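Coordinate inspection notes
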Amino acid sequence: MSFRKNASKKKITRIRIKPYLAEYARHRYGCAGEERAVKIPYTSELYHIVYDGMARRGGESDPEDWNLALVLPCRSRHDGGTAVPLKNPRYYDWLPASSVCRMEDYLQRLFNFEFHQVMMDNEEQGRPLTLLAAVQHFIRSHGLRSVSEDTLLKNYQRFRRRVYPKKVRKYEKKTLI
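Now for a description of the structure that goes with this document.

Each value, and the rule that gives it
- Residues numbered from 1 in each chain as written.
- Predicted model: local features only at pLDDT ≥ 70, side-chain atom pairs only at ≥ 80, totals over all residues.
- Heavy atoms only, no water.
- Phe/Tyr/Trp six-rings, centres within 6.5 Å; stacked < 30°, edge-to-face > 60°.
- Helix = DSSP H or I, 4+ residues; strand = E, 2+ residues; numbered from the N terminus.
- Buried < 20%, exposed > 50% of the residue type's maximum accessible area, 1.4 Å probe, protein only.
- Lys NZ or Arg CZ within 6 Å of the ring centre and 35° of its normal.
- Expected span 1.5 Å × (residues − 1).
- Arc of directions from axis to C-beta.
- Contact = heavy atoms within 4.5 Å.
- Patch = residues over 30% accessible without salt bridge, like charges linked within 9 Å, V, L, I, M, F, W, Y side chains within 5 Å.
- Areas by Shrake-Rupley, 256 points an atom, 1.4 Å probe, with all protein chains shown as cover.
- Salt bridge = Lys/Arg side-chain N within 4 Å of Asp/Glu carboxyl O.
- Lys, Arg positive; Asp, Glu negative; His and termini not counted.
- Charge placed at Lys NZ, Arg CZ, Asp CG, Glu CD.
- Axes fitted to C-alpha atoms, helices over the stretch in contact; angles between N-to-C directions.
- Parallel < 35°, antiparallel > 145°, perpendicular 65-115°, else oblique.
- Nonpolar A, V, L, I, M, F, W, Y, C, P; charged D, E, K, R; others polar.

It is worth spelling out the packing of aromatic side chains at this point. This structure, assessed with the given rule, holds 6 aromatic pairs. Consider the rings of phenylalanine 111 and phenylalanine 138, whose centres lie 5.7 Å apart with planes at 70°: the pair is edge-to-face. Of the two residues, phenylalanine 111 is situated in helix H4 (residues 97–124) and phenylalanine 138 in helix H5 (residues 131–142); the sequence distance between them amounts to 27 residues. Assigned by exposure class, phenylalanine 111 and phenylalanine 138 land together as buried. Taken together, the aromatic side chains of Tyr20, Tyr24, Phe111, Phe115 and Phe138 make up a single cluster linked through ring pairs. When the ring centre of tyrosine 51 is taken as reference, the NZ or CZ atom of arginine 75 above it lies at 5.0 Å. When the ring centre of tyrosine 51 is taken as origin, the NZ or CZ atom of lysine 87, which lies over that ring, is 5.3 Å away.

Laid out in C-alpha cells, this is it:
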C-alpha cells in the first residue's frame, strides 16, 4: 500500500486539556469529520509543537475523559517522486503528557493574547462596551461555555495591573516660612 493511500486515512488522537482551551482550539482551528477532530494548519506553531511531541505508543491508551480530538500532522519528504513520511502517524500516534503540557501552555498564551487584545482595543476606542459586556461578547463569539465571565474579567484586571501599575504619589512636606 502506498503512502498516498495511507495519508488519506487521517490518524486521530485524543487528549485532555483545560475545557475552555479545548473549546477555544475547536473555534480557532475548526472541527472536521464525525469525530469533530481539530485539524491544525501547517503554518501554525501549534502544528510543529504537536509534530515534535508525537511519539510511539508504548502500551498507553488515550484518556477516557478526553475533551479534544486532534488530527495528527503528517509531514513528508520527496525522494525521487515518492513521498516518504518522516513521522508516520500510523506509528507515531500518541502525545505524551509533556507534549500535552507544552500544547496546553501554547494554547493558554494564544488565548490570553487574543482576549487581552480584544479588551485593550475596547479601551483604546474609549470603552464603547463596558468591561463585562466586552467579556460577554468574547465568550459568545468564541463559543466558550466552561469559563465564567468573572474569571476572564479578573484575568484581564490582573493583566492590566501588571502592565500599567499604579504610580505611587510622592508627598513632600512643605514648610511655611
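What follows covers H5. Compared with the 16 Å implied by 1.5 Å per residue over 12 residues, the 17 Å span of H5 between its first and last C-alpha is a close match. Those residues of H5 lying buried are Leu131, Ala134, Val135, Phe138, Ile139 and His142. Down the axis of H5, the sector holding all buried residues measures 140°, keeping them to one side. The inward-facing, buried residues of H5 contact helix H2 (19–29), H4 and helix H6 (149–163). Positioned one or two residues after H5, glycine 143 has a phi angle of 65°, which is positive.

In this section: a positive patch on the surface. There is a patch of like positive charges on the surface, built from Lys154, Arg158, Arg161 and Lys166. Looking at where lysine 154 falls in the secondary structure, it is placed in helix H6. Its relative accessible area of 35% is what places lysine 154 among the partly exposed residues.

To continue, consider the packing of H2 against H4. Any two packed helices are characterised by how steeply their axes cross, that is the angle between the axes, and by the distance between the axes. Running from amino to carboxyl end, H2 crosses H4 at an angle of 70°, the nearest separation of the two axes being 10 Å. Compared by their axis directions, H2 and H4 come out roughly perpendicular. Of H4, the residues touching H2 (which contributes Tyr20, Leu21, Tyr24, Ala25, Arg28 and Tyr29) are Glu104, Tyr106, Leu107, Gln108, Leu110, Phe111 and Glu114. Looking at the contact of H2 with H4 residue by residue, the class counts come to 9 nonpolar, 1 polar and 3 charged.

Quick look at the environment of asparagine 122 now. Tracing the chain through its elements places asparagine 122 in helix H4. Here the alpha-carbon distance between asparagine 122 and leucine 107, two residues 15 residues apart in the chain, equals 23 Å. Apart from residues no more than four positions distant in its own chain, asparagine 122 is found in contact with Arg127, Pro128, Leu129, Thr130 and Ala134.

Following the criterion strictly, the structure yields 7 salt bridges and no others. The shortest N-O distance in the salt bridge between arginine 57 and aspartate 93 comes to 3.6 Å. One end of the pair, arginine 57, is in the loop between helix H3 (45–53) and strand E4 (68–71); the other, aspartate 93, is in the loop between strand E6 (82–85) and H4, with 36 residues separating them in the sequence. Judged by relative accessible area, which is 9%, aspartate 93 ranks as buried.

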